[in-house]
Structures are given as C-alpha cells and as structure tokens.
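Understanding the architecture of this molecule
Residue strings, one per chain:
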Amino acid sequence: PPPPESRCDKDMDTLSGYAVCLPNLTRLQTYRFAEHRPILCPKCGFIPFSSHISQEIKHKVCRYCMHQHLKVANGKWKRPSKYCPLDLFSGNKQRMHFALKSLLQEAQNNLKIFKNGELIYGCKDDQDSVSDWNELAHHLKPFFFPSNGLVSGPHCTRTIVKELIHVITMTLLSSTDACRAGDMKTVPGSQGRSYCEASAFNKELVRNGKHKLESSGLPRGCLLYKTLQAQRLDMLDIEGLYPLYSRVEQYLEEFPEERSTLQIDGPYNEAFYEKLLDLSTEDDGTVAFALTKVQQYRIAMTAKDCSIMIALSPCLQDECSEQRPVVLTSKSRFTFSVSVLDLDLKPYESIPHQYKLDGKIVNYYLKNVQAKDDPVMPSLFKENEDCTLVLHKV
C-alpha cells in the first residue's frame, strides 16, 4: 500500500544498487472471492523490567501510553488514543477486544483496513469515529452478512465492528509456524507487571473497585507471542543499553576496521543470529557483551515497530481448503493468513536518538500528566518531611 502523507518526505536510496522482491502478502491466491485485510502496528507489549531504569513511572506505565501525550502536545494527533499494547498482548479476549476497539476509534496510523487493495479505513484524524465506522460497516457488511440477513439500521454498524474485532482477535491468537523468534528461550525477568496503569481498561476496573487485571497469556504458537519474545530482547531498557552502546562506539573509534568484523551493518545471517543467543544481563565489561546487548536491542526495537497484516477471505464450507486455517463468525466463514511486515533492522546509529526521545517522553509525562492525575492529599506531605501523629483520648 502507498505510504501515508506524513511519510512522503522520506528519502529513498536510489543509488544502492539493491532492491527487495517480496511476495504479495495482500492476496490469498487460493480463493477467487473478494478480500479485506487489516494491517496493524501493535507496538511494545510489555512494561520494562530492567533495574537500570531511573524513573519508577516506567515500571508502571507503558512507553506507548506515555508517548501519546507528547505526540498530542506536539500536534501530531488531536486526541490521545485509549489503545494500550499491553491489553492487546495480554491474551485475555476481553482486554484484546477493548484494545482493538480503541484502535478502531483512534487509528493513528497504527491500523488500516484495505478491501481488494483499496484503503477503506485509516488514520483520518480530523473525522469522528461514528462516521468512519458507518462507512466501514457499509464496506464490510457483504463479508460478514453475505445474505444481508436481518442486520440493518443503527445496530448494523456496532454488530459488524464487533464481528471484525472478534475475527482479528482469533487470527492473532491462532498458531503460526513461520517466525523463528518463537524458538528463542524465554527472556529472563519477563514475568513482570502484565498491565499498564494508564490503560483505559485498567482505569475502568479501578473505578469499579477491581484492582486485578486478568492476563490469560498468549498461546506459544501465535504471532503475538513470538513478536513479544523478540521485543523482550530489550532486557536492559535504553537507559541500561546506552552506556554499552558508548562502549562499542569508543572501541570502534579506536579500531574502525573492526566494524565489518563485528557485523555492525550486517550481513544479518546465521552467524549474526548465533551471537544473539546469550540472554545474560551480567556485564563482564567486554566489548563482546556490549555488542550483543546492542544488537539484541536493535532486534527488539524492530519487533516493537513491526506491522502485522491479516488477509481475510470469506469462503463457503465446501470450498474452504483444509490447508488454510478458518475462523467463524455468526454468519460467515473466513480463511486467513497472518504475516509480519516492516522487519528492516533498526539502524545502529538510531540508539542516541532513542535515548534522548525516551527522556523527553518520560519527563513530559511526569510534569504534565502524572502531576495532574495525582490526588491533592499526598502533596501536603513533602518527601522526607518529618510528621508527628498526635493521638487524643475520645
């Protein structure tokens, strides 16, 4: 699909002499029926667990939810989204449904839906979701209710959106075997907080007197699980990673000829992959350790910014091939495929930018968001201030 307008100013290297030929993932060639395909960019699905983190808020609120506020302040978006990646990656269907509904309300370039190659739903930040959803329902009704059924009127849009969210959820939880990241060991320390305090879903639970978010966990074979495992290679957080990047930089300044030997710019082959298997976080002071963590971080950042494409095609019961998975709705059957896009490894040189951006995001959130959310009472007692409790007889 063509890039959004905000990315049309990006430079393309026309002199490199190389191009990438990729299969057409937008089509399910087995079937002659029309297709629709949601493309979503799920972002980072876990709360950092690194001991290098200097601000406690990073152990409570996810990067995406904090970054939302900075983006709105900078004018990139008009409104913050209620979408939280931790809800999508929770494996809990109720939380996943809420996350996908929130994405549909504020797509923000993280969700697009194409019908037969034509964009029918995307990031129209200037339109309200009601008119967008009505238009989307008009496009998708023949897919979900092929005989036109009894679904019409004001309930039609809500019903179709609900069916769409169900289908996307089931395909994301389905088993796939086309992703190597799923074979990697579970990253140490990955059993941290499974929810984000800023999530609208979490806040609603707290308002209703509930304080525990259910997290069912993702099936090990599904694409979200494999994506999350790759994301968790960011074991030190950018705060713990940046000094190691500086160590590698200092070494390269001294021995610039080592850049190719260390595979800083590739090739990203089997030898490169083998070097990533060391999941220890104990720093032995070597350049080898620092480089391993830097390369793992680059892969994690790539997984945090990848896109997932779901190609859906309706099929009749006797026409569905056993070779393709099928998901059911109340009135339809869909065959589907799930693919990962945007897997170009994040540049080594982008690490200083990520370090500065992380500081901006956290500082803005602390000063402009958390300060407003904090209740008035705790501010009466300053940190380290001596307080005396006086008891009177009643």
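Below you will find a few notes about this structure. (Residues numbered from 1 in each chain as written. Predicted model: local features only at pLDDT ≥ 70, side-chain atom pairs only at ≥ 80, totals over all residues. Heavy atoms only, no water.)

Focus on helix α10 (residues 287–304)
Note the threshold: Working definition: helices are DSSP H or I runs of at least four residues, strands are E runs of at least two. Numbering for both runs from the N terminus. Between the first and last residue of a helix there are one fewer steps than residues, each counted as 1.5 Å, and that sum is the expected span. Buried means the residue's accessible area, taken with a 1.4 Å probe over protein chains only, is under 20% of the maximum for its type, while exposed means over 50%, and partly exposed covers the values in between.
Spanning 18 residues, α10 covers 25 Å between terminal C-alpha atoms, matching the ideal 26 Å at 1.5 Å per step. Counting buried residues in α10 gives 16 out of 18 residues, a clear majority hidden from the surface.

Let's talk about the pattern of salt bridges
For clarity, the cut-off: Here, a salt bridge means any side-chain nitrogen of Lys or Arg that lies within 4 Å of a carboxyl oxygen of Asp or Glu.
In total, this model carries 14 salt bridges according to the counting rule given. Among the ionic pairs, Asp237 bridges to Lys58, the shortest N-O distance being 2.7 Å. Linking Asp237 in helix α8 (residues 237–254) with Lys58 in the loop between β1 (36–40) and α1 (63–73), this pair joins segments that are 179 residues apart in sequence. We note a salt bridge from Glu197 to Arg193, for which the minimum N-O separation is 3.4 Å. Looking at Glu197, the relative accessible area reads 34%, which means it is partly exposed. Judged by its relative accessible area of 30%, Arg193 falls in the partly exposed class. Within this structure, Lys58, Arg63, Asp237, Glu239 and Asp358 form a network of salt bridges that share partners.

Details of the pairing of strand β3 (residues 118–121)
For the record, the criterion: Only when DSSP finds a minimum of two bridges between them are two strands counted as paired.
Where strand β2 (residues 111–115) meets β3, 3 bridges bridge the pair, whose relative direction is antiparallel. Looking at β3, one finds that Ile113 is bridged to Tyr121. Counting the residues in the hairpin turn of β2 and β3 gives 2 residues, including Asn116, whose phi is positive at 50°.

Remarks on unusual backbone geometry
Of note, the bond from Gly266 into Pro267 is cis; its omega dihedral lies within 30 degrees of zero at 0°. Along the chain, Pro267 turns up in the loop between α8 and α9 (270–274). Phi at Gln108 is positive, roughly 45°, even though this residue is not glycine. Counting through the fold element by element, Gln108 comes out in the loop between α3 (93–105) and β2. Not every positive phi belongs to a glycine, and Asn109 is a case in point at roughly 70°. One can find Asn109 in the loop between α3 and β2. Accessibility expressed as a relative area gives 27% for Asn109, which makes it partly exposed.

A closer look at the nonpolar core
The nonpolar side chains of soluble globular proteins are, as a tendency, buried together. Threshold: What we call a nonpolar core is a set of buried Ala, Val, Leu, Ile, Met, Phe, Trp, Tyr and Cys residues that are connected through their side-chain atoms within 4.5 Å. Here, two residues are considered to be in contact whenever any of their heavy atoms come within 4.5 Å of each other.
Core analysis: the biggest nonpolar cluster contains 62 residues, and Leu88, Leu104, Phe144, Leu172, Cys196 and Leu224 have the highest contact counts within it. Top contributing element to this core by residue count: helix α5 (residues 154–172), with 8 residues. Sequence-distant contacts of Leu224, defined by excluding residues within four places in its chain, comprise Leu88, Phe89, Met96, Leu172, Leu218 and Ile308. In terms of nonpolar packing, the next biggest core, distinct from the first, is built from 17 residues, Ile238, Leu244, Tyr245 and Val248 among them.

As for the sheet that holds β3
Which entries qualify depends on this criterion: Inter-axis angles, ranging from 0 to 180 degrees, are taken between N-to-C directions of lines fitted to C-alpha atoms, where helices are fitted over the stretch in contact.
Read across the open sheet, the 6 strands follow the order β3-β2-β1-β4-β6-β5; overall the sheet is antiparallel. Each edge of the sheet is formed by a strand with only one pairing partner; in this case those strands are β3 and β5 (326–328). Averaged over all pairs of adjacent strands, the angle between strand axes in this sheet comes to 30°, irrespective of strand direction. In the sheet, strand β4 (residues 307–314) pairs with strand β6 (residues 333–341) via 8 bridges, with the strands oriented antiparallel. Across the sheet, the residue bridging to Met309 is Ser339, located in β6. Of the strands in this sheet, β1, β2 and β3 are in contact with α3, which crosses β2 at around 80°.

Some points on the packing of aromatic side chains
Convention followed: When the centres of two rings from Phe, Tyr and Trp lie within 6.5 Å, Trp using its six-membered ring, the rings pair. Their planes under 30 degrees apart give stacked, over 60 give edge-to-face, and anything left gives tilted.
Under the definition given, this model contains 9 aromatic pairs. Judged by centre distance (5.1 Å) and plane angle (55°), the ring pair of Phe144 and Phe334 falls under tilted. In this pair, Phe144 is assigned in helix α4 (residues 129–144) and Phe334 in strand β6, connecting sequence segments 190 residues apart. Of the two residues, Phe144 and Phe334, both sit in the buried class. Geometrically, the ring pair formed by Tyr242 and Tyr355 is stacked, given 4.2 Å between the ring centres and 5° between the ring planes. Residue Tyr242 is located in helix α8, and its partner Tyr355 is located in helix α11 (residues 351–373); the two are separated by 113 residues in the primary sequence. Clustering of aromatic rings is evident, with ring pairs tying together Tyr242, Tyr245, Tyr348 and Tyr355.

A short note on the packing of α1 against α11
For clarity, the cut-off: We call two directions roughly parallel when the angle between them is under 35 degrees, roughly antiparallel when it is over 145, roughly perpendicular when it lies between 65 and 115, and oblique otherwise. As a working rule, the residues Ala, Val, Leu, Ile, Met, Phe, Trp, Tyr, Cys and Pro are called nonpolar, Asp, Glu, Lys and Arg charged, and the rest polar, with Gly in that last group.
Running from N to C, α1 and α11 point in directions that differ by 80°, and their axes come no closer than 9 Å. With respect to α11, the axis of α1 lies roughly perpendicular. Across the interface between the two elements, Arg63, Met66, His67, His69, Leu70 and Ala73 of α1 pack against Gln354, Leu357, Asp358, Lys360, Ile361, Val362, Tyr364, Tyr365 and Val369 of α11. Looking at the contact of α1 with α11 residue by residue, the class counts come to 9 nonpolar, 3 polar and 3 charged.

Thoughts on the packing of helix α7 (residues 223–231) against α10
Here α7 crosses α10 at 145°, and the two axes come no closer than 7 Å. Judged by residue contacts, Thr227, Ala230 and Gln231 of α7 engage Ala300, Ala303 and Lys304 from α10. Of the residues assigned to the contact of α7 with α10, the class counts are 3 nonpolar, 2 polar and 1 charged.

A look at the pairing of β2
Within β2, 4 of the 5 residues are buried, which leaves it mostly tucked inside the rest of the structure. Sheet analysis places β1 next to β2, joined by 5 bridges and oriented antiparallel. Across the sheet, Pro38 pairs through a bridge with Ile113, a residue of β2.

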